[in-house]
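# Fold and geometry: a report
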Amino acid sequence: MTGDKLWGGRFTESTDAFVEAFTASIGFDRRLYRHDIAGSIAHAQMLAHVGVLTQPECEAITKGLRQIEAEVDSGQFAWSVELEDVHMNIEARLIARIGDVGKKLHTGRSRNDQVATDVRLYLRDGIDAVQAAITRLQEAILTLAEGETETIMPGFTHLQVAQPVTFGHHLMAWFEMLARDRARFSDCRRRVNVMPLGAAALAGTSYPIDRAYTAKLLGFDEVAENSLDAVADRDFAIEFVAACALVLVHLSRFSEELILWSSAQFGFIELSDAFCTGSSIMPQKKNPDVPELVRGKSARVQGDLMTLLTLMKAQPLAYNKDNQEDKEPLFDALDTVLDCLRAFADMLPGITVRREAMARAARAGYATATDLADYLVRKGVPFRDAHEIVGRAVRIAIDSGRELSELVLEEFRQLSTLIDNDIYEVLTLEGSVKSRNHIGGTSPVQVRSAIARARKRMLEI
Ligand code: ARG
């Protein structure tokens, strides 16, 4: 055997120093240590259960692994690049601690099924953490929306004022996106929670293993059906990162709105000082750094997804060392999504809503033009004709620098004699939002019940 390598038997030369560092993953896979140890303990217990290990051997291994976990927890564990990865670092340490019996742990398994198991266990916890972070942000949105069910702002299409909406309604759009994001992780979790152990290197093992037993110990819902597939595919990780990427796409859009709204030109909201920074040269500046950074961080997670897709593409079955490259993008996506969700959940309660500025902007943009058209339709005018009449009314208002509600009745009646005094009620912002009174609509009544339903849905998850 050459050097200290656990696989050194067939080698006569020792590994090139650069290659050793180049092929090592310990720099980043050490964060799997808890899950690696949990997987090893379950594997040892299964081996004892089927009689491959004796009970005392299993106990010695279990005890040794728990002590190693404590060593890592307390920062005393010395990771070694020569031992390549988290699996061999821990196994070598076990052998050093408990002697030859430690060499029996790797019976009937390979690092290939071991690493696939570790990543799945790790990701299962990661998914739970992401879902909790989404829930926390959803709660913050609900609380903000509850106070803004009557607040009127312009709704936009093409970033042009379109129709008035309530700010509560707008916020609840973000709630819905996050609800789907959360559901995507539940969906992904079902496919993550399948156990590769037992696949060994690729073909399974000749020991009389009991995979269902190990799976139960580790809380896996199922065992992987095919040993080649179990060690080869990382589609579950791709799905996870895709779900993260979508969260970040949503948060980057949300960020963009907060950035626009907090500008002097909109003035709809103010972010708390704690979430902004100043400029070193321009004393008046208060920059929305946190939403800007979240918008920027969405780029890295899109990149992580591309990395994993490209990594997987064209690999022949079964395990290839390429797969070692799955970890950094995966960890990066997880860390980034958790940080960004947290930043948002912390930031939302400190937002000051400038209701007057929102209402002013809604009044200024002819946002109730559609309401005028709908009024004419109710009086029997075909919609296309109504559209034309209202277009002319908007033209008159623009040319004379007025809002629609500032045209006098005589001017309206020159466009259509069907228009009466009750038009002014229709042209108010309040009348406009109130009239959109159906499930999914923007009226305050509907938004209040949407929030109530959302609160209920939160209790059911
Ligand atoms: N560090 C490796 C990885 O992350 C563990 C599996 C190595 N297996 C092997 N046959 N070299 O994928």
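Everything below is about the structure printed above this text.
Being a predicted model, the structure only gives us computed values, none of them experimental.

### Things to note about the overall build of the protein chain
Secondary structure summary: the protein chain contains 19 helices and 6 strands in total. Against the globule reference of 23 Å for 461 residues, the protein chain gives a C-alpha radius of gyration of 31 Å, more extended than a compact globule. For the protein chain, the spread of C-alpha atoms along the three principal axes comes to 100 × 50 × 40 Å. Within the protein chain, the proportion of its 461 residues that are buried is 48%. The long-range fraction of contacts in the protein chain, counting pairs at least 24 apart against all pairs at least 6 apart in sequence, stands at 73%. When the accessible surface of the protein chain is split by element, carbon and sulfur atoms take 53% of a total near 22,000 Å². Averaging the positions of the 53 positive and the 65 negative side-chain charges in the protein chain gives two centres separated by 2 Å.

### Section: the site of the ligand
Close to the ligand lie Ser25, Asp29, Asp85, His87, Arg111, Asn112, Val115, Tyr319, Gln324 and Lys327. At 3.2 Å, a side-chain N or O of serine 25 approaches a nitrogen atom of the ligand. Within the side chain of asparagine 112, one N or O atom sits 2.9 Å away from a nitrogen atom of the ligand. When the ligand is considered free in solution it has 340 Å² of accessible area, and contact with the protein chains removes 86% of it. Across the shell around the ligand, the residue classes break down as 2 nonpolar, 4 polar and 4 charged.

### Describing the packing of aromatic side chains
All chains considered together, the criterion is met by 11 aromatic pairs. With centroids separated by 5.6 Å and ring planes inclined at 65 degrees, the aromatic side chains of phenylalanine 185 and phenylalanine 240 adopt a geometry described as edge-to-face. With phenylalanine 185 in helix 7 (residues 167-192) and phenylalanine 240 in helix 10 (residues 235-261), this residue pair connects regions lying 55 residues apart in the sequence. By relative accessible area, phenylalanine 185 is classed as buried at 0%. You can call phenylalanine 240 buried: its relative accessible area is 0%. Relative to phenylalanine 268, the ring of phenylalanine 266 lies with its centre 5.3 Å away and its plane at 85 degrees, an arrangement referred to as edge-to-face. By the ring-pair criterion, three or more aromatic residues cluster together here, those being Phe156, Phe266 and Phe268. Against the face of phenylalanine 236 rests arginine 120, its NZ or CZ located 3.9 Å from the ring centre.

### Structural notes on the side chain of threonine 149
Within the element layout of this structure, threonine 149 appears in the loop between helix 6 (111-146) and strand 1 (152-157). According to the relative accessible area criterion, threonine 149 is buried, its value standing at 6%. Within the local environment of threonine 149, its side chain forms a polar contact with the side chain of arginine 448, the two groups lying 3.4 Å apart. If sequence neighbours within four positions are ignored, threonine 149 has contacts with Thr166, Pro444, Val447, Arg448 and Ile451.

### Digging into the environment of glycine 108
Counting through the fold element by element, glycine 108 comes out in the loop between helix 5 (86-98) and helix 6. Glycine 108 sits in the buried class, given a relative accessible area of 9%. Beyond its immediate chain neighbours, meaning those up to four positions away, glycine 108 contacts His43, Ala200, Thr205 and Tyr207.

### Things to note about the pairing of strand 1
In this structure, strand 1 lies alongside strand 2 (residues 160-166), joined through 6 bridges in antiparallel fashion. Bridged to proline 154 within strand 2 is proline 164. Here strand 1 folds back onto strand 2, and the loop between the two strands holds 2 residues, one of which, histidine 158, carries a positive phi near 60 degrees.

### Observations regarding the side chain of asparagine 287
On the secondary structure map, asparagine 287 appears in the loop between strand 5 (269-270) and helix 11 (289-312). Discounting chain neighbours no more than four positions away, the residues touching asparagine 287 are Phe275, Cys276, Thr277, Gly278, Ser279 and Glu292.

### Some details on helix 4 (residues 55-73)
Here helix 4 spans 27 Å end to end across 19 residues, near enough to the 27 Å set by a 1.5 Å rise per residue. Looking at helix 4, one finds that the buried residues are Glu57, Cys58, Ile61, Thr62, Gly64, Leu65, Ile68, Glu69, Glu71 and Val72. Looking at the buried residues of helix 4, the elements they touch are helix 3 (33-49) and helix 5.

### Topic: the pattern of salt bridges
Opposite charge on two side chains permits pairing when their charged atoms draw close. All told, the structure shown has 37 salt bridges when counted by the stated rule. Across the pair arginine 455 and glutamate 139 runs a salt bridge whose closest N-O atoms are separated by 3.2 Å. Of this pair, arginine 455 sits in helix 19 (residues 444-460) while glutamate 139 sits in helix 6; the two residues are 316 residues apart in sequence, bridging distant segments of the chain. For glutamate 139, a relative accessible area of 33% puts it in the partly exposed group. Ionic pairing is found between lysine 379 and aspartate 420, a salt bridge with its closest N-O pair at 3.2 Å. Here lysine 379, found in the loop between helix 14 (369-378) and helix 15 (383-399), pairs with aspartate 420, found in the loop between helix 16 (409-415) and helix 17 (423-426); they are 41 residues apart in sequence, far enough to count as distant. Residues participating in the shared-partner salt-bridge network are Glu84, Asp85, Arg111 and Lys321.

### What to know about the environment of valine 381
Along the polypeptide, valine 381 turns up in the loop between helix 14 and helix 15. On the basis of relative accessibility, which here comes to 11%, the residue valine 381 falls in the buried class.

### Considering the nonpolar core
Nonpolar side chains tend toward joint burial in soluble globular proteins. In this structure, Leu137, Ile141, Phe185, Phe240, Leu341 and Phe344 are the most contacted members of the largest nonpolar core, which totals 91 residues. Contacts of phenylalanine 240, omitting those with residues within four sequence positions, involve Leu123, Ile127, Val130, Phe185, Cys188, Leu330 and Leu334.

### Observations concerning the packing of helix 6 against helix 7
Interhelical geometry of helix 6 versus helix 7 gives an angle of 165 degrees and a closest axis separation of 9 Å. Relative to helix 7, the element helix 6 lies roughly antiparallel. The two elements helix 6 and helix 7 cross, and the hand of that crossing is left-handed.

### Concerning a nonpolar patch on the surface
Nonpolar side chains collect at one region of the surface, where Phe18, Val19 and Phe22 lie side by side and expose about 340 Å² of accessible area between them. Among the secondary structure elements, valine 19 is positioned in helix 1 (residues 17-23).

About the criteria used
- Residues numbered from 1 in each chain as written.
- Predicted model: local features only at pLDDT ≥ 70, side-chain atom pairs only at ≥ 80, totals over all residues.
- Heavy atoms only, no water.
- Helix = DSSP H or I, 4+ residues; strand = E, 2+ residues; numbered from the N terminus.
- Rg over C-alpha atoms; globule rule 2.2 N^0.38 Å.
- Buried < 20%, exposed > 50% of the residue type's maximum accessible area, 1.4 Å probe, protein only.
- Contact = heavy atoms within 4.5 Å.
- Areas by Shrake-Rupley, 256 points an atom, 1.4 Å probe, with all protein chains shown as cover.
- Lys, Arg positive; Asp, Glu negative; His and termini not counted.
- Charge placed at Lys NZ, Arg CZ, Asp CG, Glu CD.
- Near = heavy atom within 4 Å.
- Polar contact = N/O pair within 3.5 Å; in protein donor to acceptor, adjacent residues only side chain to side chain.
- Nonpolar A, V, L, I, M, F, W, Y, C, P; charged D, E, K, R; others polar.
- Phe/Tyr/Trp six-rings, centres within 6.5 Å; stacked < 30°, edge-to-face > 60°.
- Lys NZ or Arg CZ within 6 Å of the ring centre and 35° of its normal.
- Pairing = 2+ DSSP bridges.
- Expected span 1.5 Å × (residues − 1).
- Salt bridge = Lys/Arg side-chain N within 4 Å of Asp/Glu carboxyl O.
- Core = buried A, V, L, I, M, F, W, Y, C linked by side-chain atoms within 4.5 Å.
- Axes fitted to C-alpha atoms, helices over the stretch in contact; angles between N-to-C directions.
- Parallel < 35°, antiparallel > 145°, perpendicular 65-115°, else oblique.
- Left-handed = near helix turned anticlockwise from the far one by under 90°.
- Patch = residues over 30% accessible without salt bridge, like charges linked within 9 Å, V, L, I, M, F, W, Y side chains within 5 Å.

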